[in-house]
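Residue strings, one per chain:
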Amino acid sequence: VWVSAVPFEDQDFHVLAVPRMRFRMGQTNYRTYVIDRETGERAVWFFGTTLGHWTVIAPHLAWRLPWHPGRVSFDCEWDAAAGRYGHYRMRTRSRWAPAALDLHDTGEPVRSIDGWPDLEDGLIALTHPLTGFYHRRDGALGSYAVWHERLRPTVGAVRSARFGLLDRLGVVPYAEQARTHSVLIQRSTEFTVYLPPRLV
């Protein structure tokens, strides 16, 4: 079973219908990797998401998405000369999923991923499943899709990690969270989230 926590900062989040309303917020997606039995395609199963902005109340209530509020802060320093982060730290204060993360960025491109015969297969499996499924807060099965270009991450390593949700669910206890399969760091990418979600 592959499980991931994906923290990032939305720097220009907006809805196409209201393009002038733009927000900046921290976010962390908690997910595991699955195969859609109907299509055979790779997908992700979302345990849920923390979102560091008051607008989280809209999808939380209107679409019953498992998105939860949290105070998300990033302390990151980009070293342009070295092509890597000098330091990368994230903290989330949240009743649902508190988190603290400190990463080391080597700046080296990812050349292989353990468990896959070649790099492309590994990146597609871990970074490019574009459909997500989840249990809505009313128990129904929901789904939504995203799109982004091929990522070109660098190799990272965990200095320290504490993800409260993964420990509480018994998926990855605190004692094991620093022993990761991989740390892939992407400085930036543009992505589209196709909403509203649909019932499955």
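The structure displayed is predicted, hence computed values, not measured ones.

Undergrad: Give a detailed account of the sheet that holds strand β6 (residues 84-93), specifying residues and quantitative values.
TA: One open sheet holds the five strands; their spatial order is β5-β6-β7-β10-β11, and the pairing between them is antiparallel. Strand pairing shows two members of the sheet lacking a second neighbour, β5 (71-79) and β11 (184-185), which therefore form its edges. Both β5 and β6 contribute to a ladder of nine bridges, which runs antiparallel. What sits directly across from Cys76, in β6, is Tyr88.

Undergrad: Give me unusual backbone geometry: which residues, what numbers.
TA: The peptide bond linking Leu195 to Pro196 adopts the cis configuration, its omega dihedral lying at 5 degrees. Non-glycine residue Arg64 carries a positive phi angle of around 60 degrees. Take Arg64: its relative accessible area is 33%, and that puts it in the partly exposed class.

Undergrad: Hey, could you go over helix α2 (residues 119-127) for me, with residue numbers and the actual values?
TA: For α2, the full list of buried residues reads Gly122, Leu123, Ala125, Leu126 and Thr127. For α2, the arc enclosing every buried residue in end-on projection is 165 degrees, short of the 170-degree limit, so these residues lie on one face. Two to three positions downstream of the cap, the backbone nitrogen of Glu120 sits 3.1 Å from a side-chain oxygen, assigning the N-cap of α2 to Asp118.

Undergrad: Explain the confidence of the model for the protein chain to me, and be specific about the residues and the numbers.
TA: Detailed reading of the predicted model is not advised wherever pLDDT is low. On average, residues of the protein chain carry a pLDDT of 92, and 96% of them reach 70 or more. Per-element confidence in the protein chain ranges from a low mean pLDDT of 84 for strand β1 (residues 3-15) to a high of 98 for helix α3 (residues 164-168).

Undergrad: Can you lay out the side chain of Asp36 for me, pointing to particular residues and giving the numbers?
TA: In this fold, Asp36 is placed in the loop between β2 (18-35) and β3 (42-51). No salt bridge is formed by the buried Asp36, whose closest oppositely charged neighbour, Arg198, lies at an N-O distance of 5.8 Å. Those residues within four positions of Asp36 in sequence are excluded, and the remaining contacts are Glu41 and Phe133.

Undergrad: So what's going on with a nonpolar patch on the surface? Residues and values would help.
TA: On the surface, a nonpolar cluster with roughly 370 Å² of combined accessible area is contributed by Trp54, Ile57 and Leu61. Within the secondary structure, Trp54 is located in the loop between β3 and α1 (57-62).

Undergrad: Lay out the nonpolar core with the relevant residues and their values.
TA: Tyr30, Met90, Leu101, Leu103 and Phe163 are the most contacted members of the largest nonpolar core, which totals 18 residues. For this core, the secondary-structure elements that each account for two or more residues are β6, β7 (99-109), β10 (154-163) and α3. For Phe163, the contacting residues outside a window of four places in its chain are Ala5, Tyr30, Met90, Pro98, Ala99, Leu101, Tyr174 and Gln177. In terms of nonpolar packing, the next biggest core, distinct from the first, is built from 17 residues, Met25, Tyr33, Val44 and Val56 among them.

Undergrad: Go over the packing of aromatic side chains with me, naming the residues and quoting the values.
TA: Across all of its chains, the model carries ten aromatic pairs by this definition. Measuring from centroid to centroid gives 5.6 Å for Phe46 and Tyr144, while their planes differ by 10 degrees, and the two rings are stacked. Placement of the pair is Phe46 in strand β3 and Tyr144 in strand β9 (residues 141-148), with a sequence separation of 98 residues. Of the two residues, Phe46 and Tyr144, both sit in the buried class. A connected cluster of aromatic rings, assembled from ring pairs, spans Phe46, Trp67, Tyr134 and Tyr144.

Parameters and conventions
Residues numbered from 1 in each chain as written. Predicted model: local features only at pLDDT ≥ 70, side-chain atom pairs only at ≥ 80, totals over all residues. Heavy atoms only, no water. Pairing = 2+ DSSP bridges. Helix = DSSP H or I, 4+ residues; strand = E, 2+ residues; numbered from the N terminus. Buried < 20%, exposed > 50% of the residue type's maximum accessible area, 1.4 Å probe, protein only. Arc of directions from axis to C-beta. Polar contact = N/O pair within 3.5 Å; in protein donor to acceptor, adjacent residues only side chain to side chain. pLDDT = per-residue confidence, 0-100. Lys, Arg positive; Asp, Glu negative; His and termini not counted. Salt bridge = Lys/Arg side-chain N within 4 Å of Asp/Glu carboxyl O. Contact = heavy atoms within 4.5 Å. Patch = residues over 30% accessible without salt bridge, like charges linked within 9 Å, V, L, I, M, F, W, Y side chains within 5 Å. Areas by Shrake-Rupley, 256 points an atom, 1.4 Å probe, with all protein chains shown as cover. Core = buried A, V, L, I, M, F, W, Y, C linked by side-chain atoms within 4.5 Å. Phe/Tyr/Trp six-rings, centres within 6.5 Å; stacked < 30°, edge-to-face > 60°.

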